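# Summary of the model geometry
Here's the letter readout for the chains.
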Amino acid sequence: MAKILVIDDDPSILTMLKKMLEKAGYEVDIACNGSEGLDKIECCPPDLLVTDIVMPEKEGLELIFYLRRKNPGLKIIAISGGGRFNYEGYLTSAKHLGADLIFQKPLVHKEFVQAVSDLINTKL
Amino acid sequence: MPTPDVYYQIDSQTMMNIFKNMLINFLGLSPESSGSMTFNKLTLSFTGYLSNYESEFLNDYYVKALNPFRFSLILAMIFYGAFALLDAATVPELKKIFWLIRFAVVFPVLLSVFAFTYFKTFRRYMQLLITCIMFITGFGIIVMIILGARIYNYSYYAGLILIFIFGYTFAKARFIYASLAGWLIVIAYEISAIWISDTPFTILINNNFFFISSNIIGMLIGYSLELSSRRDFYMRKLLELEQDKVKAVNSTLEKRVIERTRQLTNTNLKLKKEIEVRVRSEKERSELETQLFQLKKIETIGTLAGGIAHDFNNILTPILGYTDMALEELPEESTLRFDMEQINNAAVRGKDLVQQILTFSREVNVERKPVKLNQIVVEVINLLKASLPHEIEIRKSIDSGIGIILADPVHIHQIIMNLCTNAIHAMKNRGGILDIKVDSVMVDQKTTKKINNLKIGIYVRIRLSDTGHGMDRRTKERIFEPFFTRKEVGSGSGLGLSVVHGIVSNYNGAITVESTPGKGTLFTVYLPYNFSGPVNEIKSSDLLPRGVEHILFVDDELDITFMGKKMLENLGYKVTTKTNSSEAFEEFKRNPGKYSLLVTDQTMPKMLGTELAGKMRKINPDLKVIIITGYIDKLSDVTKSINGSYEIILKPIKLSEFSKVIRKVLDEN
């Protein structure tokens, strides 16, 4: 069973995503900020990381930047509700930094689950 | 005996001086009366610097003397005739011969001269004739004296005195001629008295006293009269000269007044222009400030909205996620299903709204790819036509040379759609015309000063106008604010135009609005024309006409030459730019055969574009010319300076037109 780690500072999103992905048949772990997520990745690396961007402690872009060097094989999906960073937006920056897929919140359920499945089955 | 304190010793020298001074004063020769008049003391003719005036004086003297002379002739005849009575009384025995002299000799002479005065040639002989008349009349009397002496009558010499009076005064003879005649008469009398008539000595002495004295007095009078005439003439001349001087000074003054008035008028005009420019720039500044204020306000609202949107998205995420999951699990027949669907739909609406807010606050991700702008415009128009009420007519004018721009097609779609929807909404009650124009323009410094956000360069311009209800200034100022709407509740979110504004700003473009209440509204969208777009994907039909010729591009604004060079080089041409007309001409003189085309701004310091072109044409008559100008009305004056044909491009420059004109000009024979 593929392992997915979800990082988001919003507990309702976190529990919703956990439920959604578990329903889709994955083993899901959660973390509520970047630092906690990084600890969990180092302790027990997942097959896929789903991370929010605007978070306290360590935010998503920094995390992606770090993980892409440290753990290039890790598949990453970045999700964000917006927020001002530059003209191109957070998600575009996340993509530039190495996120495999980006999703604008609120997520479209079926689309998201399908994308997760496709990405996990892709051989990098 | 008292001794006088002072003895006056009067010697002969002093006496002479006193007499001389008296004479000089009598004749009017003193410096006080004659001033700086220079003349010959004997003949009285003008000398020195006045000699040029002699003939003019004589002419003037003649004109004034003619009638008095005629009168004196008549008077002479009357007197000469009247004395015939004296002949009959005093010398009846000689009466016949005397009358013969009077009426057969002297009278005809006087009459002939009188008649001759009416001929033009008389002017030349007047003085000579006066001399002759004096002498002839005098000689007649001398003959009578000789004849009278035979019968011891010596009284006729007095007749000669009358002749002197006439000759020196009334007859208007000049001094020198009258004196000549006078002395001739004196000599003739002396000859006749001494040798012919044998006049007794005492009578001769007696007669001579009176006779010569009267001649001398006559001479002095004649001298004085002529001198006085000359002095009058001289004074008149002086006066005329002074008048001329005054006139000249007056005319100079008038000229100076005119010149000064002209200068003042010019200064006034310049001042007026300056004031106009100031008022205009003040107005532009105030408009820019308003624009800037609006932009700032929109930006602030955008930032705020962006922040809210972020939180909203986070809130919506679990709602949508859980409802989706719940809907998957709920059986088809469940009564909860409908409720869950309603929650889900509401969340989706919320999601769409947030998406719009994000677009407005520029938070969406822009994926730029080559887009056929014209195609999108046509698509939107077709889409709208389907649902358009027939009172609304759509007109379009699309420049086919626009080709491809780099943008997100969804965004372009949104811009056109939103603007069109608004326009249609503004006209839905009374119908009207929706006019869409698409072209490309060269934005110059002037335009950048008027519209915030624009930089010098080439832009695609979309103009969308309606003939709807229009809007007032206050509405216009707030039109791009999010949630600002004039539509009734439920017919629009109030985000449409703010979304358009957000998209346009995101592309570094600009949007302006002009509107008149009751007449309609015009929206103008500027999007940067991206030259560095993927040329490979552009079909040849989308391309602007190209070429490889060498073009000399002249404009005094560096930015414009830079842009011109970039633009023309993108069309394949070789380009040399100059920002100074003199330098451009020097460059052309060095390599006259190198350039096929001159593209020049018309209004430049030192030399107008047309003048520059004219000078270059003299070196190379085959040089093609394109003049860029902002003022069509000024061109009619300048067409003369170019020898041959040329094309005009009006500012702001439309790229497609420009490229076509260049090709057309270069391909002309």
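Computed from a predicted model, the values in this text were never measured in an experiment. (Residues numbered from 1 in each chain as written. Chains lettered and ligands numbered in written order. Predicted model: local features only at pLDDT ≥ 70, side-chain atom pairs only at ≥ 80, totals over all residues.)

Moving on to the overall build of chain B. Helix and strand content of chain B: 19 helices and 12 strands. Within the span of chain B, comprising 669 residues, buried residues form 32% of the whole. (Helix = DSSP H or I, 4+ residues; strand = E, 2+ residues; numbered from the N terminus. Buried ≥ 20, exposed ≤ 12 C-beta atoms within 10 Å, placed from the backbone.)

Right, let's talk about the nonpolar core for a bit. Here is a general trend for soluble globular proteins: nonpolar side chains tend to be buried in one another's company. Residues and elements named next belong to chain B. The biggest cluster of nonpolar side chains holds 75 residues, and the ones touching the most others in it are Val504, Leu527 and Leu598. Among the domains, domain 2 (368–535) and domain 3 (544–667) are the pair contributing at least three residues each to this core. The next biggest cluster of nonpolar side chains, apart from the first, holds 38 residues, and it includes Ala76, Ile142, Ile163 and Ala181. (Core = buried A, V, L, I, M, F, W, Y, C linked by C-beta atoms within 7 Å. Domains from an automatic or database assignment.)

All names here are of chain B. Its location among the elements puts isoleucine 402 in the loop between strand E2 (392–398) and strand E3 (404–407). Judged by the 22 C-beta atoms lying within 10 Å of it, isoleucine 402 is buried. It is 6.5 Å that separates the C-alpha atoms of isoleucine 402 and serine 440, two residues lying 38 residues apart in sequence. Residues contacting isoleucine 402, with those up to four places away along its chain left out, are Leu373, Asn374, Val438, Ser440, Val460 and Ser656. (Contact = placed C-beta atoms within 7 Å.)

Moving on: the sheet that holds strand E4 (residues 432–443) of chain B. Pairing between the strands of a sheet is mediated by backbone hydrogen bonds and can be parallel or antiparallel. Residue and element names in this part refer to chain B. Overall, mixed pairing links the five strands, which are arranged E2-E4-E5-E7-E6 in an open sheet. Only two strands of the sheet have a single partner each, and these edge strands are E2 and strand E6 (510–516). The mean inter-strand angle of the sheet, taken between neighbouring strand axes irrespective of direction, is 15°. Against the sheet, helix H11 (residues 409–427) contacts E2, E4, strand E5 (457–466) and strand E7 (520–528), and its axis sits at roughly 25° relative to E5. (Pairing = 2+ DSSP bridges. Axes fitted to C-alpha atoms, helices over the stretch in contact; angles between N-to-C directions.)

With that settled, consider helix H2 (residues 34–43) of chain A. An α-helical turn contains 3.6 residues, so a residue and the one three or four places further along point in the same direction. Residue and element names in this part refer to chain A. Restricting attention to buried positions, one finds in H2 the residues Gly34, Gly37, Leu38 and Ile41. In an axial view of H2, the angular spread of the buried residues amounts to 100°, which keeps them on one side of the axis. What points out from H2, more than 90 degrees from its buried face, is the exposed set Asp39 and Cys43. Those residues of H2 that are buried are in contact with strand E1 (3–7), strand E2 (27–31), strand E3 (48–52) and helix H3 (60–70). (Arc of directions from axis to C-beta.)

Here the focus is helix H14 (residues 496–506) of chain B. The buried fraction of H14 of chain B amounts to 11 of the 11 residues, a majority that puts the element mostly inside the structure. Phi for asparagine 508 of chain B, located one or two positions after H14 of chain B, is positive at around 60°.

All names here are of chain B. Interaxial distance between H11 and H14 falls to 9 Å at its minimum, and their mutual angle equals 145°. Note on packing geometry: the crossing formed by H11 with H14 is left-handed. In contact with His411, Gln414, Ile415, Asn418, Leu419, Thr421 and Asn422 of H11, H14 contributes Gly496, Leu497, Val499, Val500, Ile503 and Val504. Per-class residue counts for the contact of H11 with H14 are seven nonpolar, six polar and no charged. (Left-handed = near helix turned anticlockwise from the far one by under 90°. Nonpolar A, V, L, I, M, F, W, Y, C, P; charged D, E, K, R; others polar.)

What follows covers unusual backbone geometry. Cis geometry marks the peptide bond from lysine 105 of chain A to proline 106 of chain A; its omega dihedral reads -5°. Relative to the elements of secondary structure, proline 106 of chain A occurs in the loop between strand E5 (101–104) and helix H5 (109–121). Residue asparagine 508 of chain B is not a glycine yet carries a positive backbone phi of 60°. Secondary-structure assignment places asparagine 508 of chain B in the loop between H14 and E6.

Residues and elements named next belong to chain B. Residue-level pLDDT values for chain B average 82, and 89% of them are 70 or greater. Ranking the elements of chain B by mean pLDDT puts helix H18 (residues 635–638) last, at 55, and strand E8 (residues 550–554) first, at 92. Counting interchain partners and residues more than four positions distant, the pLDDT-below-50 stretch residues 532–542 has 12 contacts. If you check the scores for this complex, the pTM reads 0.42 and the ipTM reads 0.72. (pLDDT = per-residue confidence, 0-100.)

This part takes up the pairing of strand E4 (residues 75–80) of chain A. Residue and element names in this part refer to chain A. With five of six residues buried, E4 lies mostly within the body of the structure. The pairing of E3 with E4 spans five bridges and is parallel. Looking at E4, one finds that leucine 49 is bridged to isoleucine 76. Two strands pair when backbone bridges link them, and E4 and E5 are joined in this way by four bridges, in the parallel orientation. By the bridge assignment for E5, serine 80 is matched with glutamine 104.

Residues and elements named next belong to chain B. Between helix H5 (residues 122–150) and helix H6 (residues 157–170), whose axes approach to 9 Å, the crossing angle comes to 170°. One finds that H5 runs roughly antiparallel with respect to H6. Facing H5, whose interface residues are Met134, Thr137, Gly138, Ile141 and Ile145, H6 presents Tyr157, Gly159, Leu160, Ile163 and Gly167. Classifying every residue of the contact of H5 with H6 gives six nonpolar, four polar and no charged. (Parallel < 35°, antiparallel > 145°, perpendicular 65-115°, else oblique.)

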